[in-house]
Amino acid sequence: MGSRAAGRLEPVSGAGEPGRATFLELFFDLVYVFALTRISARAFEDLTHEPGRAHGWSAVTGSGKTLLLLLALWALWQGTAWTTSRYDPYKVPLQAVVMIALVCSLVMGVATPRAFSQTGLMFAVAYVVAQVSRPLILAIALRPHEYRRLKIRMAVVYATSGVFWIGGSMLSTNMQVVSWTLALTIEYVAGRCGWPVPGLGRSTMSKWDIAGEHLAERYQQFFLVALGETILVAGFAYSEVPYESGHALAFALALATTIVLWRIYFQRAGQILGEAVARARHPAHIGRSAADTHLVMVIGLAATAVGYELIIEHPLERMPGSWLAMVLGGPALFLVGRARFEYEVFGRVSPSRWIAILVLAAVAVPLLFLPGVVATAAGVLVLAAVAVTDARRARGAPPEAAATPF
């Protein structure tokens, strides 16, 4: 490792691409198992424990605030993943970037449950430190390289949005939400527009060098992290309730749902995302699109995990609409992301995706009048039908090659 850590930092190019994810990157991912459980815990508390949270507008606003925290955690993970896919992750500056992101992500996870009451400043400072330090470290390590100007522009943008992150954490809850939403919007728009800064210009995404297969592997690994979080939530929930038939059935259905979600993701687009990125004319474009797609799927998984906890604790009770939105809406949102994922890899979308989404929406109303465990069973059956359809299409045919439209 010593020889690779020495020398000037250079962007990846062709033969110099990073290979498999490093142990440090996988260690970084472990923090997100914890962070995602904190997201689920906060959403569960919004829907069950706080007065007025389980119904109406309060449930919507509570879910919106939790989503805002998830988007911030995702932005930090994605920025780190793109960095290790553009530069050699064995270099000391890259390892420093990952270690800072690891510590800051852990702090953000700890602060998540009370981020809009007691620990907002903790969450904001950790986020800003991670996002600002990354381009600053890279700007120093790149020395006179042309990408140095890009890193300086990124640092300026993150420092500007950081004012809204840290300043917003000291305001009332409603103004904090507005300020943090504005901060995320600034970062998202700046990233889409090439990080423009007056006097420093902007860049074009198509010219960005990335190790496409490495980045694809990182998205796959984060999906597995999110999937693992659903198992943790189900296990923790079941360990805290009586081992009675209703709770046991709900737990079994939760595990079945996770298994089917895994199957749908990896058959077959999830297996060959790296191949699709490698074939793309501009890998950065499909990389950016895949980031949005995986974010949608991860949000769906997070909602599904909350649904697990609700149903395992209350398997035979009728559910309010906000609970049903987690139980059925989570899998439906996953399918929306998975449909787009299929388009990114193959340039088409299987009808089974949209049919399943429509079925989940159609059965939602009658399920409001039935025990919650029935809704979970319905979700499993719909997802299983999608998985079976995928398997039948692939049976007896040669493995489908990537045909990305990018």
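Given the structure is predicted, the values throughout are model-derived calculations rather than measurements.

Points about the domain arrangement of the protein
- We note that the domain assignment places domain 1 (23-49 + 60-193) and domain 2 (212-394) within the protein.
- At the junction of the two partners, domain 1 supplies 27 residues and domain 2 supplies 28 residues.
- Interface area, domain 1 with domain 2, both sides summed: about 2700 Å², of which 72% is carbon and sulfur.
- When the buried area of domain 1 at its contact with domain 2 is split by residue, Phe44, Trp74 and Trp82 rank highest and sum to 25% of it.
- In this assembly, domain 1 and domain 2 are joined by 3 salt bridges.
- The residue Arg192 makes a salt bridge to Asp292 at a minimum N-O spacing of 2.3 Å.
- Where domain 1 packs against domain 2, one counts 9 residue pairs in polar contact (both at pLDDT 80 or more).
- Looking at which element gives the most residues to the side of domain 1 that touches domain 2, the answer is helix H2 (residues 23-48), with 13 residues.
- For the side of domain 1 that touches domain 2, the residue count by class is 16 nonpolar, 8 polar and 3 charged.

Some details on unusual backbone geometry
- Arg268 follows Gln267 through a cis peptide bond whose omega is -10 degrees.
- Among the structural elements, Arg268 can be located in the loop between helix H9 (245-266) and helix H10 (273-279).
- A positive phi is found at Trp195, a non-glycine position, where the angle reads about 55 degrees.
- Looking at the secondary structure, you find Trp195 in the loop between helix H7 (173-192) and helix H8 (212-239).

A short note on the packing of aromatic side chains
- Throughout the structure, instances matching the rule amount to 20 aromatic pairs.
- Seen in terms of ring centroids, Trp74 and Trp77 are 5.3 Å apart; in terms of plane orientation they differ by 25 degrees. Their pairing is stacked. One end of the pair, Trp74, and the other, Trp77, are both in helix H3 (residues 56-84), 3 residues apart, so they sit about a helical turn from each other. Summarising the burial analysis for this pair, Trp74 and Trp77 share the class buried.
- Considering the side-chain rings of Trp165 and Trp180, the 5.1 Å spacing of their centres and the 45 degrees angle between planes classify their relative orientation as tilted. With a gap of 15 residues between them, Trp165 in helix H6 (residues 147-168) and Trp180 in helix H7 connect regions that are remote in the sequence.

Overview of the pattern of salt bridges
- Following the criterion strictly, the structure yields 13 salt bridges and no others.
- In this structure, Glu342 engages Arg353 in a salt bridge whose closest nitrogen and oxygen atoms are separated by 3.3 Å. Remark: Arg353 occurs in helix H14 (residues 351-367) and Glu342 occurs in helix H13 (residues 329-346); sequence separation between them is 11 residues.
- One salt bridge in this structure joins Arg353 and Asp390, with 3.1 Å as the shortest N-O distance. Taken together, the positions of Arg353 in helix H14 and Asp390 in helix H15 (residues 372-394) put the pair 37 residues apart, joining distant regions of the chain.
- Classification of Arg353 as buried rests on a relative accessible area of 0%.

Each value, and the rule that gives it
- Residues numbered from 1 in each chain as written.
- Predicted model: local features only at pLDDT ≥ 70, side-chain atom pairs only at ≥ 80, totals over all residues.
- Heavy atoms only, no water.
- Domains from an automatic or database assignment.
- Contact = heavy atoms within 4.5 Å.
- Buried area = accessible area lost by both parts, 1.4 Å probe.
- Salt bridge = Lys/Arg side-chain N within 4 Å of Asp/Glu carboxyl O.
- Polar contact = N/O pair within 3.5 Å; in protein donor to acceptor, adjacent residues only side chain to side chain.
- Helix = DSSP H or I, 4+ residues; strand = E, 2+ residues; numbered from the N terminus.
- Nonpolar A, V, L, I, M, F, W, Y, C, P; charged D, E, K, R; others polar.
- Phe/Tyr/Trp six-rings, centres within 6.5 Å; stacked < 30°, edge-to-face > 60°.
- Buried < 20%, exposed > 50% of the residue type's maximum accessible area, 1.4 Å probe, protein only.

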